[in-house]
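# Descriptive structure summary
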Amino acid sequence: MVGAQEAVSPIAGARHALDRAVELLADRQSPDYPNSIKESISAVEAVVKKVTGQGTLGAGLGKLESVGVTIHPALKGAWSKMYGWASDADGIRHAGIEAANADQALAKYVLVTCSAFVSYLIEEGRKTGLLQ
């Protein structure tokens, strides 16, 4: 996750979201797993927004190819579903997942997965000249 945090430094919103996700997960006194998950997803959304100019992760995923970032359709579909999971009426972004359902294992999984995708998108964005 440190690699993703360093790579995302030029994208302030993404850096803040990853830092906050780590803080919320690592708080030994009062961990906040649902908000850690939300911040992790927000980091991906911030990078996609920077690369595509789209306001949401869902819209941005559809624009990646048109700006020169080609990802396998199955990977794009997986991220679309991840965003759907986080954004539906019962999703984490709408306070639908209770703290009991969003445990440390899930928060850690989402943070690691989102950090990896952030790193991937940044590298692909640099290859195409969209990011410095």
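All of these numbers come straight from a predicted model, not from anything done at the bench.

## Digging into the overall build of the chain
In terms of regular secondary structure, the chain is built from 6 helices and 0 strands. Walking the chain from its N terminus toward its C terminus, one meets helices and strands in the order α-α-α-α-α-α. The buried share among the 132 residues of the chain stands at 39%. Pairs at least 24 apart in sequence give 59% of the contacts found in the chain among residues at least 6 apart. For the chain, the exposed surface amounts to about 6800 Å²; the carbon and sulfur share of it is 51%.

## Examining the nonpolar core
Val-44 and Val-47 are the most contacted members of the largest nonpolar core, which totals 33 residues. Only helix H2 (12–26), helix H3 (33–52), helix H4 (57–63), helix H5 (73–87) and helix H6 (104–127) provide two or more residues apiece to this core.

## A closer look at the packing of aromatic side chains
How two aromatic rings sit relative to each other is given by the distance of their centres and the angle of their planes. In total, this model carries 2 aromatic pairs according to the counting rule given. Here the aromatic rings of Trp-79 and Phe-117 are separated by 4.3 Å at their centres, their planes lie at 10°, and the arrangement is stacked. Within this pair, whereas Trp-79 is found in helix H5, its partner Phe-117 is found in helix H6, the two being separated by 38 residues in sequence. With respect to burial, Trp-79 and Phe-117 carry one shared label: buried. Ring centres of Phe-117 and Tyr-120 lie 6.2 Å apart, and the angle between their planes is 15°; this geometry places the pair in the stacked category. Taken together, the residues Phe-117 and Tyr-120, both in helix H6 and 3 residues apart, mark about one turn of the helix. We classify Phe-117 as buried; its relative accessible area is 4%. Look at Tyr-120 and you get partly exposed, because its relative accessible area is 29%. Linked through ring pairs, Trp-79, Phe-117 and Tyr-120 together constitute an aromatic cluster.

## A short note on the packing of H2 against H3
Interhelical geometry of H2 versus H3 gives an angle of 160° and a closest axis separation of 8 Å. Viewed along their axes, H2 and H3 adopt a mutual orientation that is roughly antiparallel. As H2 packs across H3, the resulting crossing turns out to be left-handed. Residues Gly-13, Ala-14, Ala-17, Leu-18, Arg-20, Ala-21, Leu-24 and Leu-25 of H2 lie in contact with H3, whose contacting residues are Tyr-33, Asn-35, Ser-36, Glu-39, Ser-40, Ser-42, Ala-43, Ala-46 and Val-47.

## A word on the confidence of the model for the chain
Looking at the chain as a whole, the pLDDT averages 85, with 83% of positions reaching at least 70. Here helix H1 (residues 2–7) stands out as the least confident element of the chain, with mean pLDDT 55; H6 is the most confident, with 93.

What counts, and at which threshold
- Residues numbered from 1 in each chain as written.
- Predicted model: local features only at pLDDT ≥ 70, side-chain atom pairs only at ≥ 80, totals over all residues.
- Heavy atoms only, no water.
- Helix = DSSP H or I, 4+ residues; strand = E, 2+ residues; numbered from the N terminus.
- Buried < 20%, exposed > 50% of the residue type's maximum accessible area, 1.4 Å probe, protein only.
- Contact = heavy atoms within 4.5 Å.
- Areas by Shrake-Rupley, 256 points an atom, 1.4 Å probe, with all protein chains shown as cover.
- Core = buried A, V, L, I, M, F, W, Y, C linked by side-chain atoms within 4.5 Å.
- Phe/Tyr/Trp six-rings, centres within 6.5 Å; stacked < 30°, edge-to-face > 60°.
- Axes fitted to C-alpha atoms, helices over the stretch in contact; angles between N-to-C directions.
- Parallel < 35°, antiparallel > 145°, perpendicular 65-115°, else oblique.
- Left-handed = near helix turned anticlockwise from the far one by under 90°.
- pLDDT = per-residue confidence, 0-100.

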